[in-house]
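Working through the structure, step by step
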Amino acid sequence: MKNMSCNFMLLNEVIRSPREIGALCPSSARLGNTMASLVGGGDEGLVVELGAGTGVITESLLRSGIAPGRLVIIEKSSSFASYLSERFPQISVFHADAGDWPSILGRAAVKAVVSGLPLRSLPHQSVHKITDTWARSLTSDGRVIQFTYSLFGASAWQSAGLKRIDRETVWGNLPPARVEVFSRP
């Protein structure tokens, strides 16, 4: 029943804002596990998830050992934000635009940004604001983990001054997803 309600909620959001959702199916557990495995070690600094949707990747992040107090979700969809707040009451969930949010973090150390945002379908100005703002918020050893359904091409994170340090394709996702990891040069 939970999967059916998640699928229905996703479909409603796709109809309402197709460019902001960028997916017709929820992410697979395999994609979530891959993303979580690339966050890196350590118990310091925040892990910020941008565009958590139905929480598949969030669940994988928690299962990988990231403490709920270190995890922050930023979700633009009010439906998804409400759902995530109920599903993960121990995590800070904020209904906000990813490009507007980092100033509220203050000086909090951001160890990782985990992003499912559909950067290729968002307006260029929004993408630039998101990637530049979050690239600046990373600690010196921080990283960005981004997935996309486009298997080829450069990433907007590179335009924000980050370098790609890893890349993997998750074939067991519908559609297949490219996962990339970026860090400061």
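See the structure printed just above.
The rules behind each value
Residues numbered from 1 in each chain as written. Predicted model: local features only at pLDDT ≥ 70, side-chain atom pairs only at ≥ 80, totals over all residues. Heavy atoms only, no water. Pairing = 2+ DSSP bridges. Helix = DSSP H or I, 4+ residues; strand = E, 2+ residues; numbered from the N terminus. Right-handed = clockwise from strand over helix to strand, strands pointing away. Contact = heavy atoms within 4.5 Å. Salt bridge = Lys/Arg side-chain N within 4 Å of Asp/Glu carboxyl O.

Right, let's talk about the pairing of strand 5 (residues 138–148) for a bit. The sheet contact formed by strand 4 (residues 110–115) and strand 5 spans five bridges and is parallel. Residue pairing for strand 5: Val114 is matched across the bridge by Ile145. After leaving strand 4, the chain enters helix 7 (residues 124–137) and then returns to the sheet as strand 5, a path that is right-handed. Pairing of strand 5 with strand 7 (residues 177–183) involves six bridges; the strand directions are antiparallel. Note on strand 7: the bridge partner recorded for Ile145 is Val181.

In this section: the environment of Leu84. Mapping Leu84 onto the fold places it in helix 5 (residues 78–87). In the structure, Leu84 is positioned ten residues away from Phe94 in sequence and 9.5 Å away in space, judged by C-alpha atoms. Discounting residues that sit within four places of it in the chain, Leu84 has contacts with Ala52, Gly53, Thr54, Gly55, Ile73, Glu75 and Val93.

Another point: the pattern of salt bridges. If you walk through the whole model with that rule in mind, you get seven salt bridges. The partner of Glu59 in a salt bridge is Arg63, and the shortest N-O contact between them spans 3.0 Å. Pair noted here: Glu59 and Arg63 are both in helix 4 (residues 56–63), with a separation of four residues, about one helical turn. With a closest N to O distance of 2.6 Å, Asp141 and Lys111 form a salt bridge. Of this pair, Asp141 sits in strand 5 while Lys111 sits in strand 4, and the two are 30 residues apart along the sequence. Residues participating in the shared-partner salt-bridge network are Glu59, Arg63 and Arg87.

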